[in-house]
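Summary of the model geometry
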Amino acid sequence: MFTSEKGVVEEWLSEFKTLPETSLQHYATNLKDKSSLVSSLYKVIQEPQSELLEPVCHQLFEFYRSGEEQLLRFTLQFLPELIWCYLAVSASRNVHSSGCIEALLLGVYNLEIVDKQGHSKVLSFTIPSLSKPSVYHEPSSIGSMALTESALSQHGLSKVVYSGPHPQREMLTAQNRFEVLTFLLLCYNAALTYMPSVSLQSLCQICSRICVCGYPRQHVRKYKGISSRIPLSSGFMVQMLTGIYFAFYNGEWDLAQKALDDIIYRAQLELYPEPLLVANAIKASLPHGAMKSSKEGTRCIQVEITPTSSRISRNAVTSMSIRGHRWKRHEQPDNNNDTTELGILVIPEISVTSVAGERTGNGEKGRTLGEIDAQHIQGVQETATDPRTESKGLPEIRRQKSVRKMMEDGISSPGRVQF
């Protein structure tokens with residue numbers, strides 16, 4: 001560790017001790033922008049024999065218990081590195097050099113398992129039902145589900161899983177070690193959206209190291225340091241996968257890909273079904289190419305949602321559409337009354353036969369015309385017997401008078417035989 005980095009850490013330690021209570025919020029807001037301080041603190045944590053390690057752990061615990069949200073997140077960003085240092089020291093059986101790190105982890109754990117009144121917390125998680133749509137799936141894309149009696153009885157019921165209450169711990173042992181570390185990693189994953197990129201990088205790196213230390217893949221990864229195998233629990237590996245899944249879509253594709261492969265490698269060796277299921281599901285859902293998402297942009301997991309469509313097509317034939325089509329067909333002759341009176345005869349045959357029978361001079365021609373178009377006139381007369389048309393007697397009489405007047409004046413329909 002360089003002298004300049006050591007001076008930055010010492011200045012940070014002395015600054016917080018003299019800070020008044022009124023300036024705490026302003027101090028917490030500006031603290032996250034000090035990148036040189038964060039990198040120096042990482043180097044202090046990575047050196048178990050450093051003389052600054054104990055005061056740094058003590059001040060990080062003071063940040064966490066202060067109640068200020070931003071100071072709490074500032075401590076949480078170092079949690080993956082603290083877990084790795086503790087496990088590495090425990091694997092080398094040099095427990096005395098990790099006393100301050102163990103005290104910090106126990107302090108954070110004991111603060112998180114109780115609420116502000118000091119009562120034990122009980123965390124609840126609602127398991128989503130596949131029968132209801134979400135941002136991740138739609139029931140129609142899964143296929144038909146058999147509606148059995150048991151399925152109907154459970155339809156709409158949400159399953160809730162409870163975690164807790166967790167007992168307080170005074171020291172970490174081989175029996176409760178991963179119970180405490182798994183809960184701490186759960187708290188870290190709850191604040192993933194506020195973690196900087198350097199913390200996500202640290203998470204991916206320590207996941208790879210923990211999984212391959214003491215195994216042949218350690219030589220492939222070229223990890224130096226300890227060569228002892230670090231025991232892991234299934235729940236702890238699942239919590240690691242949660243953070244890695246987030247890192248995939250927030251600018252750490254390469255490191256997250258390497259960590260995912262190492263977790264699958266270790267889960268296969270340990271024959272852990274839960275990490276294998278989650279890891280393979282993550283691997284199957286990843287896009288083919290690397291995500292080039294901005295590290296400073298909005299952090300989220302991108303999900304492809306199938307477009308929603310109306311259950312009834314616009315062109316579907318329904319009872320309402322059939323009724324509407326029939327009304328339009330019946331109302332069409334009424335809309336052409338004006339054009340008929342202007343000379344465009346839509347139904348001239350109804351009046352031509354009666355007019356031709358009255359006029360003696362053109363009787364032969366009228367009979368010839370009636371014989372030629374008898375079939376057509378009969379079809380038109382059948383359509384005119386519609387109850388809707390019969391109820392409109394006055395327009396029909398007006399149409400007959402107008403045709404008679406046109407015939408008397410010598411105006412003929414285009415395309416017809418002139419009288």
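Residues numbered from 1 in each chain as written. Predicted model: local features only at pLDDT ≥ 70, side-chain atom pairs only at ≥ 80, totals over all residues. Heavy atoms only, no water.

To continue, consider the overall build of the chain. Counting secondary structure elements, the chain contains 22 helices and two strands. Every one of the 419 residues in the chain was classed for burial, and the buried ones make up 35%. Taking the contacts inside the chain whose residues are at least 6 apart along the sequence as the reference set, 74% of them involve residues at least 24 apart. Within the structure as shown, the chain displays about 26,000 Å² of accessible surface, and the carbon and sulfur contribution to it stands at 53%. (Helix = DSSP H or I, 4+ residues; strand = E, 2+ residues; numbered from the N terminus. Buried < 20%, exposed > 50% of the residue type's maximum accessible area, 1.4 Å probe, protein only. Contact = heavy atoms within 4.5 Å. Areas by Shrake-Rupley, 256 points an atom, 1.4 Å probe, with all protein chains shown as cover.)

Our next topic: unusual backbone geometry. Residue Lys-222 is not a glycine yet carries a positive backbone phi of 60°. Within the secondary structure, Lys-222 sits in the loop between helix 12 (217-221) and helix 13 (234-248). Positive phi is not limited to glycine here, since Leu-271 has a value of about 60°. By secondary structure assignment, the location of Leu-271 is in the loop between helix 14 (253-270) and helix 15 (273-285). With relative accessibility at 67%, the residue Leu-271 sits in the exposed group.

What follows deals with a nonpolar patch on the surface. There is a patch of nonpolar side chains on the surface, built from Val-122, Val-160 and Tyr-162 and spanning about 290 Å² of accessible area. In this fold, Val-160 is placed in strand 2 (residues 159-163). (Patch = residues over 30% accessible without salt bridge, like charges linked within 9 Å, V, L, I, M, F, W, Y side chains within 5 Å. Salt bridge = Lys/Arg side-chain N within 4 Å of Asp/Glu carboxyl O.)

This part is about the pattern of salt bridges. Under the definition given, this model contains 10 salt bridges. One salt bridge in this structure joins Glu-5 and Lys-43, with 2.6 Å as the shortest N-O distance. Highlighted residues: Glu-5 in helix 1 (residues 3-17) and Lys-43 in helix 3 (residues 35-45), separated in sequence by 38 residues. On the basis of relative accessible area, Glu-5 is assigned to the buried category, the value being 13%. Ionic pairing is found between Glu-15 and Lys-34, a salt bridge with its closest N-O pair at 3.8 Å. Residue Glu-15 is found in helix 1, and its partner Lys-34 is found in the loop between helix 2 (24-31) and helix 3; the two are separated by 19 residues along the sequence. Classification of Lys-34 as partly exposed rests on a relative accessible area of 30%. Linked through salt bridges whose partners overlap, the residues forming this network are Arg-217, Arg-221 and Asp-262.

So, on to the packing of aromatic side chains. We describe a pair of aromatic rings using the distance from one ring centre to the other and the angle between the two ring planes. Counted under the stated rule, the structure contains 13 aromatic pairs. Judged by centre distance (6.4 Å) and plane angle (45°), the rings of Trp-12 and Phe-74 are tilted. Of the two residues, Trp-12 sits in helix 1 while Phe-74 sits in helix 5 (residues 69-76), which places them 62 residues apart along the sequence. Ring centres of Tyr-42 and Phe-78 lie 4.9 Å apart, and the angle between their planes is 55°; on these two criteria the pair is classed as tilted. In this pair, Tyr-42 is assigned in helix 3 and Phe-78 in the loop between helix 5 and helix 6 (79-91), connecting sequence segments 36 residues apart. You can call Tyr-42 buried: its relative accessible area is 6%. For Phe-78, a relative accessible area of 0% puts it in the buried group. Chaining the aromatic ring pairs together yields one cluster made of Trp-12, Phe-16, Tyr-27, Tyr-42, Phe-63, Phe-74 and Phe-78. (Phe/Tyr/Trp six-rings, centres within 6.5 Å; stacked < 30°, edge-to-face > 60°.)

Let's shift gears to the confidence of the model for the chain. Summing up the model confidence of the chain, the mean pLDDT is 75 and the portion of residues at 70 or higher is 62%. Low pLDDT, under 50, characterises residues 335-370; the predicted model gives this stretch 35 contacts beyond four residues in sequence or across chains. (pLDDT = per-residue confidence, 0-100.)

Once that is clear, we can look at the packing of helix 6 against helix 7 (residues 99-112). Look at helix 6 against helix 7: their axes get within 10 Å of each other, and the N-to-C directions meet at 130°. The orientation of helix 6 with respect to helix 7, classified from their angle, is oblique. Between helix 6 and helix 7 the crossing geometry is left-handed. Facing Leu-79, Leu-82, Ile-83, Cys-85 and Tyr-86 of helix 6, the residues of helix 7 in contact are Ile-101, Glu-102, Leu-104 and Leu-105. Among the residues making up the contact of helix 6 with helix 7, the classes are represented as eight nonpolar, no polar and one charged. (Axes fitted to C-alpha atoms, helices over the stretch in contact; angles between N-to-C directions. Parallel < 35°, antiparallel > 145°, perpendicular 65-115°, else oblique. Left-handed = near helix turned anticlockwise from the far one by under 90°. Nonpolar A, V, L, I, M, F, W, Y, C, P; charged D, E, K, R; others polar.)

On to the layout of surface pockets, then. Where empty space is left becomes clear once a probe the size of a water molecule has been rolled over the atoms. Reported here for the largest pocket is a volume of approximately 1,300 Å³. Along the walls of the largest pocket sit 39 residues, with Phe-125, Leu-186, Cys-187, Asn-189 and Ala-190 positioned nearest its centre. Tallying contributions element by element places helix 13 first for the lining of the largest pocket, with six residues. Split into classes, the residues belonging to the lining of the largest pocket amount to 26 nonpolar, six polar and seven charged. (1 Å grid on protein atoms, 1.4 Å probe; cavity = no way out; pocket = protein on both sides within 12 Å on 5 of 7 lines; lining within 4 Å. Points joined across faces, edges and corners; volume = space filled by probe spheres on them.)

Bringing helix 14 into the picture now. Think of an α-helix as turning once every 3.6 residues; residues three or four places apart then point the same way. For helix 14, with 18 residues, the first-to-last C-alpha span of 26 Å sits near the 26 Å given by 1.5 Å per residue. Looking at helix 14, one finds that the buried residues are Trp-253, Ala-256, Ala-259, Leu-260, Asp-262, Ile-263, Ile-264, Tyr-265, Arg-266 and Ala-267. Against helix 11 (197-212), helix 12, helix 13 and helix 15 lie the buried residues of helix 14. (Expected span 1.5 Å × (residues − 1).)

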